Amino acid sequence: MALMRRISWGVWVCVLCATAYGQRPVPLADDVGEPLLPYGISEQEVALSGQLAYFFEDEDGTDVVHVIGDAHLTLGEPQGQQLRGREAVVWIAQREFEDRTYHHLEVLLWQDAEVSEVGHTITSGPALFVTLNSYSGITTNVDDVALRSSADTQVYQRGRDVRSAYAAGTLHVPDENVSLRVYQATGLGAERKQVKQRPPILMQFPGEFTTLEVDGRSVITVAGGAYLSRGDSGSGDFLEIRADAVVVFLPRSISGGEVDEAQDAGLGAGERGSDEWARSTRRRTDRKEADRQLLSTGLGDDVEVEAVYVEGDVIMSQGANMIRASRIYYDFVREKALILDAVVRATLLERNVPIYVRAEEVRQLSANRFVASQAWLTTSEFYTPHYHVGAARVELTDRTPPTTAGRRTGIRAGSFRIRHATLNVSGHPIGYWPYIHGRVDTSETAVRSVRSGYSDDFGVEIETEWDFLNVLGLETPDGFSSTLSLDFFSERGPAIGIDADYEQDRYYGYVRSYLLNDNGSDFLGRDRENLSRKDVRGRFLWRHRQYLQDDWQISLELSDISDRGFLEEFFESEFDTGKEQETLLYLKKQRDNWAFTTQLQTRLMDFTTTTERVPEFGYVRVGEPLGNGATWHSDNRLGVVRYRPADQMFRELLRDGRHVGSGSVARLDSRQEIGCPVDLGPVRLVPFVSARGTAWDDSPSEGGLARALGAVGVRSSMYLSRDYPEARSSLFDIDGVRHIVKPELVAWASAANRDADDLFLFDDRIEGVDATDGVTLGVRQRWQTKRGQGATRRVVDFLTLDLEVGVFNDSDGEALTNGYTSFSRPEESVARNFVNGAMVWRVNDRTALLSEVNFDMNDGAVDVFNLSLAVERSPRFSYLLGYRYIGDTDSNLLGFDMNYRLTEKHTLALREAFDLERGQTLDFTIAFIRKFPRWFSAVSFELDEAEDDYGVSFSLWPEGLPRATLGSRRFTGLANTTRIEND
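Each value, and the rule that gives it
- Residues numbered from 1 in each chain as written.
- Predicted model: local features only at pLDDT ≥ 70, side-chain atom pairs only at ≥ 80, totals over all residues.
- Heavy atoms only, no water.
- Helix = DSSP H or I, 4+ residues; strand = E, 2+ residues; numbered from the N terminus.
- Buried < 20%, exposed > 50% of the residue type's maximum accessible area, 1.4 Å probe, protein only.
- Contact = heavy atoms within 4.5 Å.
- Areas by Shrake-Rupley, 256 points an atom, 1.4 Å probe, with all protein chains shown as cover.
- Patch = residues over 30% accessible without salt bridge, like charges linked within 9 Å, V, L, I, M, F, W, Y side chains within 5 Å.
- Salt bridge = Lys/Arg side-chain N within 4 Å of Asp/Glu carboxyl O.
- Pairing = 2+ DSSP bridges.
- Core = buried A, V, L, I, M, F, W, Y, C linked by side-chain atoms within 4.5 Å.
- Expected span 1.5 Å × (residues − 1).
- Arc of directions from axis to C-beta.
- Phe/Tyr/Trp six-rings, centres within 6.5 Å; stacked < 30°, edge-to-face > 60°.
- Polar contact = N/O pair within 3.5 Å; in protein donor to acceptor, adjacent residues only side chain to side chain.
- pLDDT = per-residue confidence, 0-100.
- Lys, Arg positive; Asp, Glu negative; His and termini not counted.
- Charge placed at Lys NZ, Arg CZ, Asp CG, Glu CD.

Asker: Describe the overall build of the chain, listing the residues and the values that go with them.
Answerer: A tally of helices and strands in the chain yields 8 helices and 49 strands. For the chain, the proportion of its 983 residues judged to be buried stands at 43%. Considering only residue pairs separated by 6 or more positions, the chain has 54% of its internal contacts joining residues 24 or more positions apart. Surface exposure of the chain reaches about 49,000 Å², of which carbon and sulfur atoms provide 53%.

Asker: Quick one: what's the story with unusual backbone geometry, residue by residue and with numbers?
Answerer: Trans peptide bonds make up most of the peptide bonds, and negative phi angles are found at most residues other than glycine. Of note, the bond from Val-614 into Pro-615 is cis; its omega dihedral lies within 30 degrees of zero at -15 degrees. The topology assignment puts Pro-615 in strand 31 (residues 610-627). Here the phi dihedral of Asp-341 falls at roughly 50 degrees; this positive angle occurs in a residue that is not glycine. Mapped onto the fold, Asp-341 is located in strand 16 (residues 336-348). A positive phi angle, near 70 degrees, is found at Asp-551, a position not held by glycine. Counting through the fold element by element, Asp-551 comes out in the loop between strand 27 (535-547) and strand 28 (552-561).

Asker: Talk me through a nonpolar patch on the surface; I want residue IDs and the actual numbers.
Answerer: A surface patch of nonpolar side chains, amounting to about 810 Å² of accessible area, comprises Tyr-454, Val-460, Ile-462, Phe-488, Ile-926, Val-939, Phe-941, Tyr-950, Val-952 and Phe-954. Listing elements by their share of the nonpolar patch, those giving two or more residues are strand 23 (459-467), strand 48 (935-944) and strand 49 (949-958). Ranked by residues supplied to the nonpolar patch, first place goes to strand 49 with 3 residues. Structurally, Val-460 is set in strand 23.

Asker: I'd love a proper account of the environment of Ala-325, names of residues and values included.
Answerer: With respect to the helices, strands and loops of the structure, Ala-325 is situated in strand 15 (residues 321-331). The residues touching Ala-325, leaving out its near neighbours within four places in the chain, are Asp-313, Val-314, Ile-339, Leu-340, Asp-341 and Ala-342.

Asker: How would you summarise the pairing of strand 41 (residues 834-844) if you had to cite specific residues and measurements?
Answerer: Alignment of strand 40 (residues 794-808) against strand 41, held across 8 bridges, turns out to be antiparallel. Pairing of Val-805 across the sheet is with Val-835, part of strand 41. Two elements, strand 41 and strand 42 (residues 847-856), share 10 bridges in a ladder whose sense is antiparallel. Pairing of Asn-836 across the sheet is with Asn-854, part of strand 42. Between strand 41 and strand 42, which pair antiparallel in sequence order, lie 2 residues.

Asker: Requested: an account of the nonpolar core, with residues and values cited.
Answerer: Grouped together as the largest cluster of nonpolar side chains are 44 residues, with contacts concentrated most on Ile-241, Val-248, Ile-328, Ile-339 and Ile-418. Contact partners of Val-248, with chain neighbours within four places excluded, come to Met-203, Ser-218, Val-219, Ile-220, Leu-228, Val-305, Ala-307 and Val-308. The next biggest cluster of nonpolar side chains, apart from the first, holds 22 residues, and it includes Val-46, Ala-53, Val-65 and Leu-128.

Asker: Account for helix 2 (residues 154-168), with residues named and values stated.
Answerer: Helical periodicity: at 3.6 residues per turn, an α-helix aligns residues three or four positions apart in one direction. In a regular helix each residue adds 1.5 Å, so 15 residues correspond to 21 Å; helix 2 covers 21 Å between its end C-alpha atoms and thus fits that length. Along helix 2, the residues that are buried comprise Val-155, Tyr-156, Gly-159, Val-162, Arg-163 and Tyr-166. All buried residues of helix 2 project into a common sector of 125 degrees when viewed along the axis, lining one side. Of the residues one or two after helix 2, Gly-169 is the one with positive phi, at around 85 degrees.

Asker: Please set out the packing of aromatic side chains residue by residue, giving values where relevant.
Answerer: In the structure shown here, the tally under the stated rule is 22 aromatic pairs. Ring centres 6.0 Å apart and planes at 55 degrees place the aromatic pair Phe-566 and Phe-571 in the tilted group. On the basis of relative accessibility, which here comes to 0%, the residue Phe-566 falls in the buried class. One aromatic cluster is present, formed by Phe-458, Phe-489, Tyr-514, Phe-566, Phe-570 and Phe-571 through successive ring pairs.

Asker: Just give me the short version of the environment of Leu-486, but keep the residues and values in it.
Answerer: Following the sequence through the fold, Leu-486 ends up in strand 24 (residues 480-489). For Leu-486, a relative accessible area of 37% translates into the label partly exposed. Sequence separation between Leu-486 and Ile-498 is 12 residues, and the spatial gap between their C-alpha atoms is 9.1 Å. If sequence neighbours within four positions are ignored, Leu-486 has contacts with Ile-462, Glu-463, Thr-464, Trp-466, Ala-495 and Ile-496.

Asker: Which residues make up the side chain of Asp-518, and what values do they have?
Answerer: Structurally, Asp-518 can be placed in strand 26 (residues 507-518). At 2.6 Å, the side chain of Asp-518 forms a polar contact with the side chain of Arg-537.

Asker: How would you sum up the pattern of salt bridges? Please name residues and give values.
Answerer: Summed over all chains, the structure comprises 53 salt bridges. Salt-bridge contacts for Asp-313 lead to Arg-324; the nearest nitrogen and oxygen are separated by 3.3 Å. In this pair, Asp-313 is assigned in strand 14 (residues 307-318) and Arg-324 in strand 15, connecting sequence segments 11 residues apart. For Arg-324, a relative accessible area of 38% gives the class partly exposed. Here Lys-579 makes a salt bridge to Glu-582, at a shortest N to O gap of 2.7 Å. Through salt bridges with shared partners, a single network forms among Arg-613, Glu-616, Arg-637, Arg-667, Asp-763 and Glu-767.

Asker: Can you explain the confidence of the model for the chain? Please cite residues and give values.
Answerer: Considering every residue of the chain, the mean pLDDT works out to 77; 75% of them sit at 70 or more. Ignoring residues within four places in sequence, the model shows residues 293-303, a span with pLDDT below 50, making 19 contacts including any to other chains. Counting contacts from residues 403-412, a segment whose pLDDT is below 50, to residues more than four positions away or on other chains yields 35 contacts.

Asker: Provide a residue-level description of a negative patch on the surface, including the pertinent values.
Answerer: Among the surface-exposed residues, Asp-456, Glu-491, Glu-945 and Asp-948 lie close enough to one another that they form a single negatively charged patch. Along the polypeptide, Glu-945 turns up in the loop between strand 48 and strand 49.

Asker: A description of the pairing of strand 33 (residues 665-675) should follow, citing residues and the corresponding values.
Answerer: Here strand 33 shows a buried face lined by Val-665, Arg-667, Asp-669, Arg-671, Glu-673 and Gly-675 and an unburied face lined by Ala-666, Leu-668, Ser-670, Gln-672 and Ile-674. In the sheet, strand 32 (residues 630-644) pairs with strand 33 via 11 bridges, with the strands oriented antiparallel. Paired with Leu-638 across the two strands is Leu-668, which belongs to strand 33. In terms of strand pairing, strand 33 meets strand 35 (residues 683-696) through 9 bridges, oriented antiparallel. In the sheet register, Gly-675 faces strand 35, and the bridge partner there is Phe-688.

In structure tokens form, the structure reads like this:
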């Protein structure tokens with residue numbers, strides 16, 4: 001198929017830039033401090049910065065970064081752990097723990113070494129050796145890079161010796177009495193783990209308790225209610241347990257006294273009044289009192305609780321998360337637990353909703369990993385939820401990093417695995433999937449959205465979106481998301497698509513694809529040819545940007561569409577407002593005020609107009625100082641270009657005539673400008689002169705030719721302001737007024753030896769430029785006042801009014817657009833005489849009046865006029881009333897939008913756009929939104945008389961997750977607000 005053959009086209013480019021610098025010698029007499037071993041494996045990102053960095057591989061295969069000059073390593077947020085030194089040698093290795101890959105860093109800080117912890121504890125010395133572990137990525141930000149080894153330097157050799165001694169165990173590891181948080185090393189696979197004092201367990205209970213001695217250990221039993229807590233109540237790790245009965249297991253006896261239970265038990269009845277019986281009773285009473293006092297104030301640093309067993313109306317909470325159960329056994333030493341008949345409530349911060357897990361059995365395998373058997377997952381707090389995901393087994397891993405204060409307020413990041421999952425609505429299963437692996441911040445199911453409806457053009461519509469990697473049973477990496485679209489249209493056919501978005505520190509991009517077996521025809525509006533298809537149609541788009549070393553970046557675009565009507569018919573919003581569909585490779589090096597570019601561009605779709613570049617090089621320099629205040633601007637291009645107009649349909653040939661393309665044309669273009677700013681009091685004048693020379697080796701009629709274009713002119717601007725502190729009005733919410741005025745002027749004259757009609761139109765900003773003379777005067781005004789109360793008091797622009805007049809001596813009466821003046825390059829202006837005005841009046845924080853008008857002096861008529869009134873009376877009522885006229889497109893529209901919250905559960909939305917010129921409704925939509933517990937639904941009716949189309953659709957989405965909408969997402973924003981912009 002033609003589409004698949006085009007998609008197979010690909011581009012691969014590698015750019016390698018390296019700059020090597022020498023380094024200064026360093027003293028060797030300083031001792032290296034003891035290794036500092038931070039606790040566990042962090043979720044925070046590692047950032048490394050400095051002046052010069054060597055990147056190479058050590059002899060054992062470990063990656064090494066040697067940073068010279070102000071070496072700085074940060075773990076986490078800017079206020080996280082900080083490592084500093086004049087130099088730093090960093091060894092980076094990848095290891096695994098609990099099936100997760102993490103980075104293990106060994107860092108030698110050399111000269112003026114300092115380690116600053118989150119709690120502002122600081123360790124410093126001439127040299128320090130530190131180890132770090134992080135699941136997240138590592139970023140570098142250095143001034144210069146050398147892609148070669150620094151193994152011959154003395155600093156690296158010293159660090160290598162320290163690292164080897166530490167690995168062999170011959171480098172002493174300090175104890176916990178050293179300043180900073182220094183931890184004893186213990187085994188965690190191949191990793192070091194912190195051994196720290198566990199916080200004490202505090203107990204409170206109103207009734208009696210019993211202490212038993214079993215093999216020299218104490219077991220405490222409490223009945224009649226008990227309360228246990230661990231940690232600091234101000235931290236996010238603070239743990240609380242409430243239950244009717246508690247059994248506490250201690251590693252040894254908690255009291256020093258001995259109780260001769262056998263002797264006490266052997267006392268006769270006659271001896272109970274003796275002194276011995278009294279002393280024994282006092283010993284038992286004193287011991288219980290001592291134990292009660294010890295338990296109520298904490299078990300202290302020398303006695304630790306190994307585990308507890310609790311039962312009877314058990315509530316265990318930690319931060320925003322809570323567990324209710326009938327019985328719990330909690331092992332504090334191993335951070336493991338067995339929870340029976342459990343209801344787990346966790347807060348999903350990104351979605352601002354709770355998630356509930358109900359299970360017969362929940363096992364806590366570590367501090368952040370849980371496994372549940374025979375479980376329900378839902379966001380509903382009801383015992384019988386409206387929907388839930390049932391599973392034979394659920395694994396949940398909380399990967400939320402703590403804040404710099406050590407708090408955990410809920411789950412922000414994490415993953416889940418679900419086996420034998422069923423989607424249930426009102427207790428009835430409606431779908432099954434054997435294995436799901438996803439992220440808690442995305443969805444608890446593989447379904448992203450399901451839309452059903454009916455329209456005249458497409459018939460019955462069923463559109464579904466799925467988490468692509470979730471469906472495959474794979475975990476979604478950080479910074480990556482993908483969706484699988486499975487659609488069906490009764491009048492068109494089945495369709496499938498895969499979309500992906502990704503973003504990392506050094507690159508980002510996205511992929512869009514869609515394939516359809518279309519049995520219908522497109523209707524794209526009046527005076528348009530209807531394109532009938534019974535064929536495979538689709539599109540593929542890939543856009544990628546990569547940041548390379550030494551200020552280079554590369555951009556790649558690959559776009560192919562099966563036919564000219566596909567994008568407008570199936571992705572109308574992207575067709576109307578999106579970027580042009582292009583296939584190109586763009587390489588740029590930008591530093592300070594200059595940039596060097598290379599562009600390679602071709603065309604895959606014959607129904608688009610494209611200028612191919614095979615290739616084209618560019619060099620730009622902006623605002624280069626020349627002395628005496630003068631500045632120089634330079635823009636240069638050299639390459640081979642080819643103009644390829646779109647294939648024309650019959651109506652287009654009759655209307656526009658045949659568009660002629662070109663062969664491959666070598667082109668050189670250079671524009672130079674010099675400006676000299678002059679200040680005359682408050683007025684800044686910038687006289688300028690520009691010259692442009694362009695040469696082509698081919699043209700439409702004369703073969704090779706050259707063109708010279710020169711311009712001379714002046715730019716001017718100034719600021720004026722005045723305060724009116726006495727101006728006040730409660731009606732218009734005015735408390736003092738500041739009036740700011742900025743007049744602007746640009747005037748120029750230009751001349752050229754060739755007209756644009758003699759040239760192929762490769763670029764509007766080069767071949768599309770003609771010699772024009774003109775003057776433009778603008779006045780931009782702002783009226784400011786203070787609004788709000790207390791902490792919300794602020795300065796706002798309550799009225800803006802911009803006016804602009806442009807006059808040209810060679811105005812273009814054939815241009816199909818409004819007049820326009822480019823202040824930076826006046827010769828590129830659209831030469832139509834015009835008067836333009838724009839106004840925004842913010843009557844108050846909830847009411848605004850907006851208007852724009854453009855008067856075309858060539859036609860002697862207004863060709864653009866807009867007037868809109870926006871009113872927001874949140875949270876109940878908002879509306880927008882507007883009128884828009886565009887003369888060039890015969891657009892004369894009256895629009896009305898309204899959102900009204902009838903009750904706390906019901907919201908009404910109305911949209912109307914009416915074409916006054918033709919008496920047709922272009923968009924009429926009425927929608928009814930209903931709120932359920934943790935769910936929202938919407939039913940809407942849409943009508944478009946211009947395209948002779950109508951439709952009915954139904955939407956359903958969970959609270960906090962509008963992207964998982966079952967249906968159209970147009971009105972999901974109205975779940976939380978009635979603002980017009982949230983439709």
